[in-house]
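Below, each chain spelled out in residue letters.
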Amino acid sequence: MRGLPPSSVHADVLMNVAGWGARHRPGPNALSAADRAVEYARLVGDERVALHAGLVRGRLTADAGGVDDGIAEMYAVREKAGELRLADVMSRAATALPATLESTGRSLEAVAAADDGIDTARALGIADMEASVRCERANSLFSLGYWDESRTTAAAAARAARSESARARVASFRTELALARGDLAEAEVQLSLSRRKCGSYGSHPGHRITFVRHTMSLAVRRGRLPEARAAFETLADEDFRPGTQRYALPLLLVAAAAEADFRGRTAADADRPAVLADVRARLKRLPTLVPVWAAYALWAEAELARAEGVDAPDHWSRAATAFAPLQRPYELARIRRRWAAALLGAPGDRSAATVLPCEAHRAALRLGARPLAETVERLAARARVPLADPGPARGRVDGERERPGTPAAVTALVAPPVTVPDPDDGTGAATEHAERHPGEAVARTLERLGLTRREQEVHRLVAAGRTNRKIAEELYISPKTASVHVSNILAKLGVSGRGEAAALAHRLRLYPAQDATDAL
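Now for a quick tour of the structure. Small disclaimer: the values here were computed from a predicted structure and weren't measured.

Considerations on empty space enclosed by the protein
- For the structure on display, the rule yields two cavities of 30 Å³ or more.
- Counted as a void, the second largest cavity has a volume near 40 Å³.
- M216, L225, A228, R229, F232, A255, A258, E259 and V275 together form the lining of the second largest cavity.
- For the lining of the second largest cavity, the secondary-structure elements that each account for two or more residues are α12 (225–233) and α13 (245–261).
- Broken down by element, the residue count for the lining of the second largest cavity peaks at four residues, all from α12.
- Residue composition of the lining of the second largest cavity, by class: seven nonpolar, no polar and two charged.

Below, the structure is given as structure tokens:
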């Protein structure tokens, strides 16, 4: 089609090239195709193709490290597609947005986006789409430390799934959860289901990489390093391009940790340098422009050093510092356990080594991560470090939100604790609760948030996507005053940005009149 003037057909071809590239070969070529598809589609006035291509471009931009710009474009596409009732674009946005948010470490926002996507899937009547979005929701809940709720969400996804590929997504998540909780028999069953049912889903790099990581993790747990290495070798030709960080970084971490765990076993030592060199080379090719990617890279470097016999506390300290603000309690607990072990084996001050096992153990018990808890207990027993009585396995642990969309600043104000019914439990209790006490619940929540009446008005407009200038115009205040209000709101809610503040408002249904208006 070179040399021909722009047309809808030309734009559509470029959009499909970009979409294929985003799925199979993410990188600059796919991004260039998406740019051209948007340009051509706009030139000929094809809104559907322009939105499709814009969604792909947003995802690729975020994957390349331009997170704010990429995600902003994806939100804009979702809203415009909803206005125009373009079902195919709406369905793609419903799955792509929460996946991209999770990939870039914005798990809390991903849960809110997934909730919106579930509503869209139900409105469109697409069961497999609902299953896929629920799997993304389950993954984000797992990251945030809400494993019981993630399990319930996965069960809802399994009920909705119709195709083999949708069932493979469910099986993949269930493998992840079973491994973390130490149920190796269940992990093996789900891993087998994931392999058998993958279908076209198996062509996605993310599925291939995740499947290999799960296979390696299971082999390591059973003491079979050669099997783990053989699984890793199947990805020898896999090109870890920008866009695969979400899957590739955890895989490289598992590979490095496996080599470290088996260090000193003569039968395995001979091949170790080659494996570690491969892991390090692949790690260097992956961009780490986003905090969660950088944190995983630091963790993998610490494991590589441990595999080479250099278990330095400073490595683990840097990894823990990187993960501390990311709301990933499981990862943080695992790193603290390694940090404690390194401190106990090094000369000098060991005072931190008496605190770190307690923190890791408390988090492991809260999550239900039995293998981690048992490992910490063995470490503490060897070092004669007393583990504090954890008490009931309730409440927040370091690196974890109390509930998705409910920051620590909010939960600290709640006394006594209020049980919110799970929307995925199939009982309808959440809907009944909200219908019976809508005004009372909202007023109580707003009071506990500590926002003034003016701050509530500003928060409502932030949740509606208004800029500071627009807020100032609507409330007859200066943009500087609006900016001050927004800063105060973020501080009181304990969130880091406007996106999280908006997600919180929608999650807690703080402004129902606005939600109803948005739905029109």
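So, the pattern of salt bridges
- The final tally for this structure, using the stated rule, is 37 salt bridges.
- Here R57 and D35 are joined by a salt bridge, their closest N and O atoms 3.2 Å apart. With R57 in helix α3 (residues 47–63) and D35 in helix α2 (residues 28–44), this residue pair connects regions lying 22 residues apart in the sequence.
- Accessibility expressed as a relative area gives 17% for R57, which makes it buried.
- A residue is classified by how much of its surface remains accessible, and D35, at 33% relative accessible area, is partly exposed.

Remarks on a nonpolar patch on the surface
- Residues V9, V13 and V17 make up a contiguous nonpolar surface patch of about 240 Å² in total accessible area.
- On the accessibility criterion, V9 (54% relative accessible area) is exposed.

Points about the side chain of E102
- One can find E102 in helix α5 (residues 87–103).
- Of the polar contacts made by the side chain of E102, one reaches the side chain of S140; its length is 2.8 Å.
- Discounting chain neighbours no more than four positions away, the residues touching E102 are S107, A110, N139, S140, S143, R246 and R328.

Here's the deal with the nonpolar core
- By size, the foremost hydrophobic cluster in this structure holds 72 residues, and its most contacted members are M216, F240, L251, V279, W299 and F323.
- When residues in this core are grouped by element, the largest group, eleven residues, is from α13.
- Core analysis: the next-biggest nonpolar cluster, separate from the first, contains 22 residues, L461, I489, V495 and L510 among them.

A closer look at unusual backbone geometry
- With a phi close to 60 degrees, Q327 is a non-glycine residue in the positive phi region.
- Of the residues examined, Q327 reaches a relative accessible area of 16% and is grouped as buried.
- A positive phi angle is found at R384, which is not glycine, with a value near 55 degrees.
- Judged by its relative accessible area of 78%, R384 falls in the exposed class.

Some points on the packing of aromatic side chains
- Evaluation of the coordinates by the stated rule reveals seven aromatic pairs.
- Measuring from centroid to centroid gives 6.3 Å for F142 and Y330, while their planes differ by 75 degrees, and the two rings are edge-to-face. Placement of the pair is F142 in helix α7 (residues 127–144) and Y330 in helix α18 (residues 329–344), with a sequence separation of 188 residues.
- A ring pair is formed by Y296 and W299, whose centres lie 5.8 Å apart and whose planes are at 25 degrees; its orientation type is stacked. One end of the pair is Y296 and the other is W299, both in helix α16 (residues 291–307) and three residues apart, which spans about a single turn.
- Residue W299 is classed as buried on the basis of its relative accessible area of 2%.
- Within the aromatic cluster, the residues linked to one another by ring pairs are F142, W147, F173 and Y330.
- Between R282 and the ring centre of F240, over which it is positioned, the NZ or CZ distance is 4.8 Å.

So, the packing of α3 against helix α4 (residues 67–84)
- One can describe the packing of α3 onto α4 by two numbers: an axis separation of 7 Å at closest approach and a directional angle of 155 degrees. Judged by the angle between their axes, α3 and α4 are roughly antiparallel. As α3 packs across α4, the resulting crossing turns out to be left-handed. Where α3 approaches α4, its residues E47, L51, G54, L55, R57, G58, R59, T61 and A62 are matched on the opposing element by V67, D69, G70, I71, E73, M74, V77, K80, A81 and L84.
- Per-class residue counts for the contact of α3 with α4 are nine nonpolar, four polar and six charged.

Considering helix α9 (residues 164–181)
- The end-to-end C-alpha distance of α9 is 26 Å, a good match for the 26 Å that 18 residues give at a rise of 1.5 Å each.
- Phi for G182, located one or two positions after α9, is positive at around 85 degrees.

Rules used throughout
Residues numbered from 1 in each chain as written. Predicted model: local features only at pLDDT ≥ 70, side-chain atom pairs only at ≥ 80, totals over all residues. Heavy atoms only, no water. 1 Å grid on protein atoms, 1.4 Å probe; cavity = no way out; pocket = protein on both sides within 12 Å on 5 of 7 lines; lining within 4 Å. Points joined across faces, edges and corners; volume = space filled by probe spheres on them. Helix = DSSP H or I, 4+ residues; strand = E, 2+ residues; numbered from the N terminus. Nonpolar A, V, L, I, M, F, W, Y, C, P; charged D, E, K, R; others polar. Salt bridge = Lys/Arg side-chain N within 4 Å of Asp/Glu carboxyl O. Buried < 20%, exposed > 50% of the residue type's maximum accessible area, 1.4 Å probe, protein only. Patch = residues over 30% accessible without salt bridge, like charges linked within 9 Å, V, L, I, M, F, W, Y side chains within 5 Å. Areas by Shrake-Rupley, 256 points an atom, 1.4 Å probe, with all protein chains shown as cover. Polar contact = N/O pair within 3.5 Å; in protein donor to acceptor, adjacent residues only side chain to side chain. Contact = heavy atoms within 4.5 Å. Core = buried A, V, L, I, M, F, W, Y, C linked by side-chain atoms within 4.5 Å. Phe/Tyr/Trp six-rings, centres within 6.5 Å; stacked < 30°, edge-to-face > 60°. Lys NZ or Arg CZ within 6 Å of the ring centre and 35° of its normal. Axes fitted to C-alpha atoms, helices over the stretch in contact; angles between N-to-C directions. Parallel < 35°, antiparallel > 145°, perpendicular 65-115°, else oblique. Left-handed = near helix turned anticlockwise from the far one by under 90°. Expected span 1.5 Å × (residues − 1).

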